[in-house]
Structure formats: C-alpha cells, structure tokens
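Descriptive analysis of the structure
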Amino acid sequence: MDKHEAEKEINKLSEQIEAHNYNYYALSKPSISDFEFDKLLERLIQLEKEHPDLVKPDSPTQRVGGFVTKEFKQVKHRYPMLSLANTYSEEELNDFDERVRKVVGDDFEYCCELKYDGLSISLIYKNGILQQAITRGDGTQGDDITTNAKTIRSIPLKLTGHGYPEEFEMRGEVYLPLKVFEKINKEREDAGDEPFANPRNCASGTLKMQDSAEVARRKLDSTLYYILGESLPYNEHYESLEHAKKWGFKISEHTELVKDMQGVHAFIAKWEKKRHDLPFDIDGIVIKVNSFRQQNMLGLTAKSPRWAVAFKYQAEKASTTLNSISFQVGRTGVVTPVANLNPVLLAGTMVKRATLHNADNIKKLDIRLGDTVWVEKGGEIIPKITEVDLSKRKPHSEVVEFPKHCPECNALLIRREGEAGYVCPNDKNCPPQIKGKIEHFVARRAMNIESMGSETIDLLFKAGLVHNISDLYNLSAEKIIPLERMAEKSANNIIQGIEDSKNVPFERVLFALGIRHVGETLAKKLAYHFKNLDSLEKASQEQLLNVPDVGEIIAKSIVENFSDPHQIKIIEVLREKGLKFALDEAEMALFSNVLEGKSFVISGVFAKHSRDELVNLIEKNGGKHVGSISAKTSYIVAGENMGPAKADKAKKLNIPLITEDEFIKMIEK
Ligand code: IVH
C-alpha cells in the first residue's frame, strides 16, 4: 500500500471510529459491536505503525494513553474560570430572579441544568481540533492536562458537522460514573490503600495522574455546558449547546428551558427525588439566563457571573439512635470505628451502620452511647454521622473511649506520623491482619488460588497450619483432610491450586506480597522497571522515585517492607518454593539498562517508530521519558517538525538533539 492509500484509509478509519465513539460515549447508543470496534482500532494502529508520520494528534489511537508527564505545565486561562453563587432556599433563588428582572426586564428564559459534581475543565479547539485541556486551578491559571483529557472517550478530539467557530473554548465537567468509582475503590482496598471518599475526589486524583495510560483505564466521563469565544454563531445558550451536541460533545439530556421561577422550582423538585437514580453524582442544579445578549447586560462579578446561580440540594439526613460502636481491624492494621445504629431509611436504603472514620472524629462529635445522631449520605457512598442531637442526650451518658489496645490481639495501638488513624503494630500475630494478608495473597488478581476462600483460610489459621503466606507452600493434603468439614476432593483442589500458583508471573507475585500502597498497576510498573525481586529489594528510595507514579510515601513503604527481617524470611521461603521472582526470559530479552539515569524528551514526527514505541523503548531500556525540556533532560529525540519553542529551549539549555537512528544505535546490543 502506498502512502497516499494509507493516508486515505487512516482518515476513513479515524472518522468511523470517532463516529462510533460518539454514538457510544456521548449518545449512549452503541452502533457497532465491541468486537467490530476493536477490529477497526487494531487496523488503524497497524497502519499508523507502518506510517508513523501519518499519526495525527487527533487520532483515536491517542485515547489509550501512554504518555507520562512528571509535572503539568501551568497555563493561563484566556477567560477566567469563574464559579457560581450558591443558594440553598427558595427565597434566595427568588432574590436572584428579582435582580435579573431589574436589569433585563420580564421577557427572558431560564435554562435549568444539572450541577455535575466533578471537576471543571476547559477545552480549547482550533479549526475543529482539540488543542489543549486545562483544569480550573485557581481560576486564573490551571494545569495543562491535555494528554489525560484525550483518554476521555466522550471528549471529541476532532469535531464533526459544521458551524463551529474557528477558535473557541468548551467548558464542562469531568466526573466518574458511580459504577466505575465503586470498582476503583474495590481495587484500592485490595491494595491496602485508603479508598477514595467520593467519586469527585477520585476523578480529581485521576486527572492529575502522571501516566495517561492509567487515566485511560479509570474511565472518566464528561458533560459540557458552556461555550466561550469571540464570535459565537448563536444568540442563546440552549441553542448553542444543541449545536455543540452535533459537533460531537456530550451535552446533558436533562437541560430544560423555562419561562419563570415556577418552572425553576418544578425542575428543582423533580430532580430532588430523581437525582438518586442518575448513574453519576450531582450536588444541585444550575439556573442560567438563556440569551447571550441578556447575559452581557447582567455581566460578572469578580467571582461569578450575575446571569447564573446554583441551587444546592441538602444532603439527605435521617436521625436515629447509636446502639454501640465496633472497632474493626483491617489487613494493614488500621482500626476503624463503626457505629451500629437503629436501622433507618435514608435516600432509599436501610442504614444500620455508619463510619466514624477515626478517633479524632469521635472526639470532635463528642458522641456517646445511646445518643440520637444525624446520619447523612452526601457524595460519600458509606453513610456518616455528622451531628449529635444534644437536646435528646440522656443524663449520665457514657463517653466513648477509643481503645488503647487492639480489640483483636490486645497489642498497644500506635499512631503513625501524619496519619489520622490508630494502627495495630502487631502485623505478624494479629489474626485479622494475618488472615487479611493471606486473603489478599490468594485473590484472583494476585496468586489466583481459587480453591481457597476466607472460610478455608480461617480454618487453616485456627488449626495452626498457616501463620503467613509462605506457610501455604508447606501444606499437604494429608495435613488438611482431618480439618472440620474438609473433604478429600477439596483438599486436593487446594493443594493443586497452591502448586499452580508457582506459575503466576512476577508482576502478580509482587502485587500478592501485599506491600502497602503497591496495587496491581504499580506492581506491574515496578516489575517492568526492576525486572526481578533482587533489584527491587536493593533499590534505594531515590531509585524508586524514578519510577512513574512512585512518590515519597510509596518509596518509603517499599524500602521499609524490604528491610523487615520477618518479611525477608517469608520472601526467602517463597523463593525456595519456586515462585516467580523475575520476569520471563522472553520478556527480559526486550529489556536492558543501557539508558539508566538518562532522561529523554521526544519531539516531532519519526520515520520508523511511533511516539508510543519510542517511549516504550526508552522505558524498557531503563531510561526515563519526560514531557518537557528542563536542565535535567539528557537528550531530545528529534524528529521532523519539532516545534520552534522546543528547539529554542534545547539550544538555551545546551541539550543535545539526536535523531531516531542515533537513538536506536544507543539501545542496540
Ligand atoms: S456553569 C461561570 N453549569 O459548578 C460559571 N457549572 O461553582 C460557569 N458545574 O466550577 C459554570 N455543573 O465546575 C455550570 N451545568 C453546570 C454545572 C457547573 C457543574 C460546576 C462547575 C463550576 C461550579 C460552580
């Protein structure tokens, strides 16, 4: 196929794929099967591989991520990103309406919208192509998160249809659908990490991640609600959003035009109930004057527009009695106080328990047994106690003391610096910690010892047969058959499952070890970076910080883990038993250390490799890929059409430019 033909097919495929993306992500109306979709995408990836100079910044292949940004560039907003004045009552809203009428008269419409509970984002388009995505930041300047935003499937990389302005900004919200949020939190708990408090926090953490491939995996969504530019082709807000939908943006289907406050109040009342059925969180509604001309008449204050206002829903509350408090010990030893309540109906579900978070929170609430308390379900999934109704407190009520000793093993609890919770330090002998670590080890995404559930683990622990993960490999069918309710067949299955786990690849073994803060994805990154457990064990804090997404806390946790004699002993037994402690030979053949300590910036278009491939080659050979040039950059791999600003900066900082071929020579063995 010649280049011209390839280009034609690439263009056609890109268009087809983006159209399917739009149908699926913006309209929720899939127009192709997943299988067919993947086939189109694979073909495009293949063609782009063969013709790297034809890869465009708006290619759908950009959505899978793969770029690592160590530090986001700060960008000034062309138009400041304002916020909205909040109201909480009908009266406050009526005041807003009165102010509007004073300026524009009585002939106008309000546009009522949902108030998405996520993060605002500004998308800049030029000639229909997404140029830049910026976070709100302080309203005047924000972070350039373009590579991360490109992974959000509902954000168009290239607009469709016609009539869009040559240059404009589209603003809206990035958020995490509730289903995805729950899945991510489950994974975090598996890694021994604190779950996110709510989808908003999770979305915010995700947008700022350094590795865009990881952002892509998190499946953020977006809805756009505000268009800004010098010469907009329409006169009204609602109308412009209708058109924006045709250009490929995801626009809310729940927006309504109303004539007066009666309409506004009806909209509020409708969503007060229905908001709990939405697949994402909202925290209120937004009311906007529809006509741009009238918006201009009303103008802005320093903080917010005078033509719009937010109405915030009160979090749903219920009052009930606190019966008792349990103190739960998790796999990592953190002790969490949980309130046991008289069952009460809240936002459609029966609530019996609520988290009290930690000791400080108990003190702050001054909560006592038998108290009447208010339970709330806000953005948080787990209900929490927000207030004690002191008027109903019984005389001589008992103050709740946080235990000094572990409720499970009686060890003296400690408090780690900078952390809010009390921790049981007896990680080697405290039963829920031991059992929790084994449960994590055998989990499907770790060693996948399917035949072994939490009941079996409990049984084995009580019988004194396992005390840590390495003991599993000393089990035999003869030893476990005598256990209560254990049949010969299931005993054999367990032993076979343990035997099979010796083939589990290194990256999953690393995850299974249960090092604090080392989840599934990070385990993979560490495995690829260090290639075997020996090098990881020896790694210094500094060397660990070189791995993308490893910060101080994680680095410290890894170093601590490998300097713990108990942990080292367990690892030695596992090594003897034949678990995989290194990447496979075949995989290893692709790796080297020749670029260790060197960092590279990639700029321009290349003849033989795509940008992703170059990044991959850098990382597999021990180097570091960085997004922007600094004094610390070792080389710039320069292709065709390298930007003049980059070239200038490289010259100023005296950083050598190398060609693609020169780079390949560097890594050739
Ligand atoms: S309009 C000039 N519409 O709420 C104001 N904002 O405090 C432009 N938000 O920062 C914003 N849903 O992040 C607008 N339908 C909606 C919204 C919305 C959520 C957020 C936005 C903004 C904050 C206002």
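Described in the following lines is the structure provided in the data block.

Conventions adopted
- Residues numbered from 1 in each chain as written.
- Predicted model: local features only at pLDDT ≥ 70, side-chain atom pairs only at ≥ 80, totals over all residues.
- Heavy atoms only, no water.
- Near = heavy atom within 4 Å.
- Polar contact = N/O pair within 3.5 Å; in protein donor to acceptor, adjacent residues only side chain to side chain.
- Helix = DSSP H or I, 4+ residues; strand = E, 2+ residues; numbered from the N terminus.
- Nonpolar A, V, L, I, M, F, W, Y, C, P; charged D, E, K, R; others polar.
- Salt bridge = Lys/Arg side-chain N within 4 Å of Asp/Glu carboxyl O.
- Buried < 20%, exposed > 50% of the residue type's maximum accessible area, 1.4 Å probe, protein only.
- Pairing = 2+ DSSP bridges.
- Contact = heavy atoms within 4.5 Å.
- Axes fitted to C-alpha atoms, helices over the stretch in contact; angles between N-to-C directions.
- Left-handed = near helix turned anticlockwise from the far one by under 90°.
- Core = buried A, V, L, I, M, F, W, Y, C linked by side-chain atoms within 4.5 Å.

1. Considerations on the site of the ligand
In the vicinity of the ligand, 14 residues are found, and the nearest of them are E113, L114, E173, Y225 and K288. At a separation of 3.1 Å, an oxygen atom of the ligand approaches a polar backbone atom of L84. At 2.7 Å from an oxygen atom of the ligand is found a side-chain nitrogen or oxygen belonging to E173. For the shell around the ligand, the secondary-structure elements that each account for two or more residues are β3 (110-116), β8 (221-228) and β10 (282-289). Residue classes in the shell around the ligand are distributed as eight nonpolar, two polar and four charged.

2. So, the pattern of salt bridges
Across all of its chains, the model carries 35 salt bridges by this definition. Ionic pairing is found between E167 and R78, a salt bridge with its closest N-O pair at 3.1 Å. In this pair, E167 is assigned in strand β7 (residues 167-175) and R78 in the loop between β1 (74-76) and β2 (86-87), connecting sequence segments 89 residues apart. Residue class for E167 comes out partly exposed when judged on its relative accessible area of 37%. For R200, the salt bridge identified is with D117, shortest N-O distance 3.9 Å. With R200 in helix α6 (residues 199-207) and D117 in the loop between β3 and β4 (119-126), this residue pair connects regions lying 83 residues apart in the sequence. For R200, a relative accessible area of 34% corresponds to the partly exposed category.

3. What about the environment of K462?
If you trace the backbone, K462 turns up in helix α13 (residues 454-462). Sequence separation between K462 and P431 is 31 residues; the distance between their C-alpha atoms is 9.3 Å.

4. A look at the sheet that holds strand β19 (residues 599-603)
A sheet is described by the order of its strands in space; here four strands give the open sequence β20-β19-β21-β22, paired in parallel fashion. Looking at which strands have only one partner, the edges of the open sheet turn out to be β20 (624-625) and β22 (657-658). As defined by bridge partners, β19 adjoins β20 across two bridges and the pair is classed as parallel. Paired with F600 across the two strands is H625, which belongs to β20. Each of β19 and β20 touches helix α23 (residues 611-620); the most contacted strand, β19, lies at about 170° to it.

5. A few points about the packing of helix α3 (residues 90-104) against helix α9 (residues 261-274)
Following both chains from N to C, one finds α3 and α9 inclined at 145°, their axes separated by 11 Å at the closest point. Note on packing geometry: the crossing formed by α3 with α9 is right-handed. Here E90, L93, N94 and D97 of α3 lie close against α9, whose contacting residues are M261, V264, H265 and I268. Here the residues of the contact of α3 with α9 are counted per class, giving four nonpolar, two polar and two charged.

6. Some remarks on the sheet that holds β4
Through backbone hydrogen bonds, the strands of a sheet pair up, either in parallel or in antiparallel fashion. Strand order across the open sheet formed by four strands is β5-β4-β7-β8, with antiparallel pairing between neighbours. Among the strands making up the open sheet, the edge pair consists of β5 (129-135) and β8. Here the average twist between neighbouring strands, direction ignored, is 30°. With seven bridges joining them, β7 and β8 adopt antiparallel strand pairing. Within β8, the residue paired with Y175 across the bridge is D221. Seen against the sheet, α6 touches β4 and β7 and runs at an angle of roughly 40° to β4. In the packing of helix α8 (residues 237-247) onto the sheet, the strands contacted are β7 and β8, and the crossing angle to β8 comes to about 130°.

7. What about the environment of K70?
Summarising the element assignment, K70 is placed in the loop between α2 (34-50) and β1. Sequence separation between K70 and S628 is 558 residues; the distance between their C-alpha atoms is 8.7 Å. Non-local contacts of K70, meaning those with residues more than four positions away in its chain, are made with Q210, L545, V547, P548 and D549.

8. A word on the pairing of β3
Among the seven residues in β3, seven count as buried, and that is most of the element. Of the strand pairs in this sheet, β3 and strand β9 (residues 256-258) are connected by three bridges, and their pairing is antiparallel. Bridge assignment links C112 to a residue of β9, and that residue is E256. Across seven bridges, β3 lies against β10 in antiparallel orientation.

9. As for the pairing of strand β13 (residues 334-346)
Across seven bridges, the pairing between strand β12 (residues 316-329) and β13 is antiparallel. Along β13, the bridge assignment pairs S326 with V338. Both β13 and strand β18 (residues 422-423) contribute to a ladder of two bridges, which runs antiparallel. Bridging from a neighbouring strand, V335 pairs with Y422 of β18. Taken together, the six bridges between β13 and strand β14 (residues 349-355) define a ladder with antiparallel strand orientation.

10. Some points on the nonpolar core
By size, the foremost hydrophobic cluster in this structure holds 54 residues, and its most contacted members are F441, M452, L472, L510 and L526. Discounting residues that sit within four places of it in the chain, F441 has contacts with A446, M447, I449, I469, L472, Y473, A512 and L579. The next biggest cluster of nonpolar side chains, apart from the first, holds 36 residues, and it includes V174, F181, W247 and F249.

11. Some points on unusual backbone geometry
One non-glycine residue, N410, lies in positive phi territory at about 70°. Mapped onto the elements, N410 comes out in the loop between β16 (384-388) and β17 (414-415). Classification of N410 by relative accessible area gives exposed; the value is 55%. In this structure, N641 takes a positive phi of about 60° despite not being glycine. Of note, N641 is situated in the loop between β21 (635-638) and α24 (644-653).

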